[in-house]
Each structure stands twice: as C-alpha cells, then as structure tokens.
Amino acid sequence: ALTLAVLALPAFAQQKLSVGYIATADSLPIVVAKEKGFFDRQKLDVTLVRIALASNVPSSVMSDSVQIGMGTGPMLLQTADGGLGLVGIGGVSQITKTSSVIGLVMRNGVKLDSMADLRGKKIGVPGFNSMMHVVFQKWLADRKVAASQVQMVEAIFPQMADLLKGGTLDGVLVLEPFRGRIVNENIGYKVSDFPIEVQDPILAAYWMAKESWVKANAGVVTAFRAAYQEAVDWSYKNQTEMRALEKQHLGAPSPLTPTYKATLTPQDLEIYARIGDELKMWRQKHDVNQLVWK
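Computed from a predicted model, the values in this text were never measured in an experiment.

Time to look at helix H12 (residues 239–250). End to end, H12 covers 15 Å across 12 residues, agreeing with the expected 16 Å (1.5 Å per residue, within 8%). When we look at burial in H12, the residues that qualify are Met242, Arg243, Leu245, Glu246, His249 and Leu250. Considered in projection along H12, the buried side chains sweep an arc of 160° and stay on one side of the axis. More than 90 degrees from the buried face of H12, the exposed residues found are Thr240, Lys247 and Gln248. The inward-facing, buried residues of H12 abut helix H2 (28–35), strand S2 (44–50), helix H11 (218–237) and strand S11 (259–260). Following H12 by one or two positions, Gly251 has its phi on the positive side, about 95°.

Here's what the structure looks like:
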C-alpha cells in the first residue's frame, strides 16, 4: 500500500507563484512563459494576475496578492523611500529609438504650437509615479513647463482611446498597442516619444518582490529568471506566433517589437535616482546597488 501511495505522487512538486503584470506589449513574454510551458519546465505553477494601474503593483506585492510584480521606472526608489523593502529581481524591457513604444498622444483638434501649450491641458497617465508619469515630468521640466501647470489624471490604457474620443482628456501618455489604435483610428496624433528624449536607452519596466520573500525563496527567483529569459528568446524567434498571442491577450498586435530586457542592473535605475533628485521626489538619497537582487 505504501508503494502504491508513493507511485501515485506527482513526479515533482511545483512551487505555486502569483505574478502581477500590466497588460502591455513589453510584458508579453510573461504570457509566453505561461502559455508555452516555460514556467512548468522550471517547476513553477504560475498564476498571472493582470493589474490595471502600475501604481497598484507595490500594494499587491506587499499584501501578498502576488509574490512578484511588474514595476516601472522609479517605483523601487519610491518604495525604498517608504521603507517597504522591495528589490528588483529581473528586467522586463527598455525603450530605445528603434523600439520606441511609448509616447505623448494628443486628441485630434487639440493643437500644440509649442510645448508651452500643454499648460492647462488634461493628460491621462497610467498611474501616478509610474515610469511614464515621472519621465514626462522631467521631459516637461526640460522644456520649461512645470508639471503643476499640466492637469494629470490616472487612466488605464484600454480606456484611453474612449476618454480622448469623448473629450474627457486632451492627451495621454500611452504605449503600444494602444497608441497605434488611437492614431490609426484618427482619434489622436503623436506628439513625442518623450522617454527616449530624456535618455536613450531607458529602462521601462522590471520584476520586483519583497526582499524577505526573495531571501527565503532564492531558488524560485532563479527558476523565474530562467523561464522568463527563455520566453524572451522565444518571442524574438517566433514573431508570428507571438503576435497571435498578443492579439489574443491584448486585443491587438503592436506595430513594434519592444526591446525586451530580462536582466536588471543598478545602472538601469540611476536615471530615475537622478530625476527624483532633480524633481525633489525623495526624502533621502538612495543607493541603487541595494535595490537589485544579485
């Protein structure tokens, strides 16, 4: 009876893991890793949790709704400022001139003769203190426009086209494939690929988790990294099937393939430390070397 019981056990026990992601073109490899069995190969039983606003990711990680979450731009520095104890464990993507999937799009009929005309306009941002929100403030400052002079409101990507069409918003900070829909349907027009005008290349997103959890689950982190790297490699080599998955999960394929970046280094965060210092976002200086798990 004992022998039969042992034989009835699964060949291996999979580690359960919840991963929070934002449904955008640059996060597609996480879907690939799930759909193509790369997580299974690493003995990970992964549940993907779609999070609408980037600003909600840290609270989801801290509450254990997810163990790993998709962070953007300055988020690690913000959480360090609040003493939350989060660390980056891997990269998602970076923005480059050849893969500039993020931009400022204005509603057709809203004319900008100069960037000064952004004063008083209502701009939708995908989460306060997200990568787009913070880099946009730096981009405005470089053009002598104070962020306080632009009315910014939170808006999720799938709703941006309708909010522009209905006149609720004058412009949006948006990425593919949602930007393509807005422009192709003649709802709005692209003004600037603002992130790469601040720095090229610039880190867009990464994976983060509680440092205490990472220390207790180092093997899980290693397995997650391996599966994600395999998904990135597969995505570059299988563009047609990747586009089909993108259409299935995001509603439309992106006209550009993002520059996926599965690794994360402290240097990737330096631009956000500098922007935060310039915009007086931090209460203290932060060592970016302490924010990336080796």
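Now, onward.
Bringing the nonpolar core into the picture now. One finds Leu118, Phe136, Trp207 and Phe224 to be the most contacted residues of the largest nonpolar core, which totals 99 residues. With 9 residues, H11 is the largest single contributor of residues to this core. Excluding its chain neighbours within four sequence positions, the residues that come into contact with Phe136 are Leu104, Leu118, Ile123, Met152, Leu173 and Phe194.

Turning our attention to the sheet that holds strand S7 (residues 151–154). Adjacent strands of a sheet pair through backbone hydrogen bonds, lying either parallel or antiparallel. Spatial ordering of the open sheet is given by S7-S6-S8-S5-S9, a layout of 5 strands whose pairing is mixed. Edge positions in the sheet fall to S7 and strand S9 (188–192), since each of these pairs with one other strand and no more. In this sheet, adjacent strand axes meet at a mean angle of 35° when their direction is disregarded. Direction of pairing for strand S6 (residues 122–125) relative to strand S8 (residues 171–175): parallel, over a ladder of 2 bridges. Bridged to Gly124 within S8 is Val172. Seen against the sheet, helix H6 (residues 131–142) touches strand S5 (102–107), S6, S7, S8 and S9 and runs at an angle of roughly 125° to S8. Taken strand by strand, helix H7 (residues 157–165) contacts S5, S6 and S8, and its axis lies near 150° from that of S8.

Right, let's get into the pairing of strand S3 (residues 68–72). With 5 of its 5 residues buried, S3 lies for the most part within the structure. Burial of S3 is two-sided: the residues Ile68, Met70 and Thr72 facing one way and the residues Gly69 and Gly71 facing the other way are all buried. With 2 bridges connecting them, strand S1 (residues 15–21) and S3 associate as parallel partners. Counterpart to Val19 in the pairing with S3 is Ile68. Where S3 meets strand S10 (residues 202–210), 4 bridges bridge the pair, whose relative direction is antiparallel. Within S10, the residue paired with Gly71 across the bridge is Tyr206.

Our focus in this paragraph is the sheet that holds S1. If you trace the 6 strands from one edge of the open sheet to the other, you get S2-S1-S3-S10-S4-S11, paired in mixed fashion. Looking at the sheet topology across the chains shown, the edges are occupied by S2 and S11. Note: strand S4 (residues 86–95) against S10, 8 bridges, orientation antiparallel. Looking at S10, one finds that Gln94 is bridged to Leu203.

The next subject is H6. The end-to-end C-alpha separation of H6 is 17 Å, in line with the 16 Å expected for 12 residues at 1.5 Å each. Taking burial as the measure, the 12 residues of H6 include 10 buried ones, the bulk of the element. Just downstream of H6, Lys144 is the residue with a positive phi angle, here 65°.

The subject of this paragraph is the confidence of the model for the chain. Close inspection of predicted coordinates is inappropriate for parts of the model with low pLDDT. Summarising the model, the chain shows a mean pLDDT of 92, and 96% of its residues fall at 70 or more. Under a pLDDT of 50 for its full length, residues 2–11 has, in the predicted model, 0 contacts with residues more than four places off or in other chains.

By the secondary structure assignment, Ile275 is in helix H13 (residues 266–278). Exposure remark for Ile275: the relative accessible area of 1% places this residue in the buried category. Ile275 has contacts with Val134, Val135, Lys138 and Val198, leaving out every residue within four places of it along the chain.

What follows concerns the side chain of Asp26. Relative to the assigned elements, Asp26 resides in the loop between S1 and H2. Notably, Asp26 is buried but unbridged: the nearest opposite-charge side chain belongs to Arg243, and the N-O separation is 11 Å. There is a polar contact of 2.4 Å between the side chain of Asp26 and the side chain of Thr24. One polar contact links Asp26 to Ser93, side chain to side chain, over a distance of 2.9 Å. Those residues in contact with Asp26 that sit more than four places away from it in its chain are Met70, Val92, Ser93, Leu175, Ala204, Ala205, Tyr228, Pro258 and Tyr260.

Criteria and cut-off values
Residues numbered from 1 in each chain as written. Predicted model: local features only at pLDDT ≥ 70, side-chain atom pairs only at ≥ 80, totals over all residues. Heavy atoms only, no water. Helix = DSSP H or I, 4+ residues; strand = E, 2+ residues; numbered from the N terminus. Expected span 1.5 Å × (residues − 1). Buried < 20%, exposed > 50% of the residue type's maximum accessible area, 1.4 Å probe, protein only. Arc of directions from axis to C-beta. Contact = heavy atoms within 4.5 Å. Core = buried A, V, L, I, M, F, W, Y, C linked by side-chain atoms within 4.5 Å. Pairing = 2+ DSSP bridges. Axes fitted to C-alpha atoms, helices over the stretch in contact; angles between N-to-C directions. pLDDT = per-residue confidence, 0-100. Lys, Arg positive; Asp, Glu negative; His and termini not counted. Salt bridge = Lys/Arg side-chain N within 4 Å of Asp/Glu carboxyl O. Polar contact = N/O pair within 3.5 Å; in protein donor to acceptor, adjacent residues only side chain to side chain.

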